[in-house]
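Tertiary structure, described
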Amino acid sequence: ELFRPAIEANAAAVILVHNHPSGDCTPSTQDINFTREAIKAGKLLGVSVLDHIVTGLDTFMSLKECGYME
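Presented here is an overview of the structure given in this document. (Residues numbered from 1 in each chain as written. Predicted model: local features only at pLDDT ≥ 70, side-chain atom pairs only at ≥ 80, totals over all residues. Heavy atoms only, no water.)

Let us now look at the pairing of strand β3 (residues 59-62). One ladder, built from 4 bridges, connects strand β2 (residues 48-56) with β3; its direction is antiparallel. Directly across from V54, in β3, lies its bridge partner M61. Between β2 and β3, which pair antiparallel one after the other, the connecting turn spans 2 residues, and D58 there sits at a positive phi close to 60°. (Pairing = 2+ DSSP bridges. Helix = DSSP H or I, 4+ residues; strand = E, 2+ residues; numbered from the N terminus.)

In structure tokens, the structure reads:
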């Protein structure tokens, strides 16, 4: 389901974004694990995951910039 719109649009890449209602945009262990699994799945489908952004209250965090996408 995650990659369906990208595949339908013949997209080469996606950027994932979700919010933390708590306002704290620090990525959770689940966020990091999900991102790494999405990267693996995207490779199988030919769709790159460029970044995963977590938004919070008036702020955001890039998992790529934090080094979690390695």
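The rest of the description comes next.
This part covers helix α2 (residues 29-45). Between its first and last C-alpha atoms α2 spans 24 Å; for 17 residues at 1.5 Å apiece the expected length is 24 Å, and the two agree. Every buried residue of α2 is listed here: D31, I32, T35, A38, I39 and G42. Angularly, the buried residues of α2 cover 125° about the axis, an arc narrow enough to put them on a single face. In this structure, α2 carries T29, Q30, K40 and L44 as exposed residues pointing more than 90 degrees from its buried face. Contacts made by the buried residues of α2 are with β1 (13-19) and β2. Trailing α2 by a residue or two, G46 shows a phi angle of about 80°, which is positive. (Expected span 1.5 Å × (residues − 1). Buried < 20%, exposed > 50% of the residue type's maximum accessible area, 1.4 Å probe, protein only. Arc of directions from axis to C-beta. Contact = heavy atoms within 4.5 Å.)

Taken in spatial order, the 3 strands line up as β1-β2-β3 in an open sheet, and their pairing is mixed. Since the sheet does not close on itself, it has two edges, and those belong to β1 and β3, each with one partner. The mean angle between the axes of side-by-side strands here comes to 25°, regardless of whether they run parallel or antiparallel. In the packing of α2 onto the sheet, contacts are made with β1 and β2, and the angle to β2 comes to roughly 160°. (Axes fitted to C-alpha atoms, helices over the stretch in contact; angles between N-to-C directions.)

Moving on, we come to unusual backbone geometry. Here N10, not a glycine, exhibits a phi torsion of approximately 55°, which is positive. Within the fold, N10 resides in the loop between α1 (4-8) and β1. Although it is not a glycine, D58 adopts a positive phi angle of roughly 60°. Relative to the assigned elements, D58 resides in the loop between β2 and β3.

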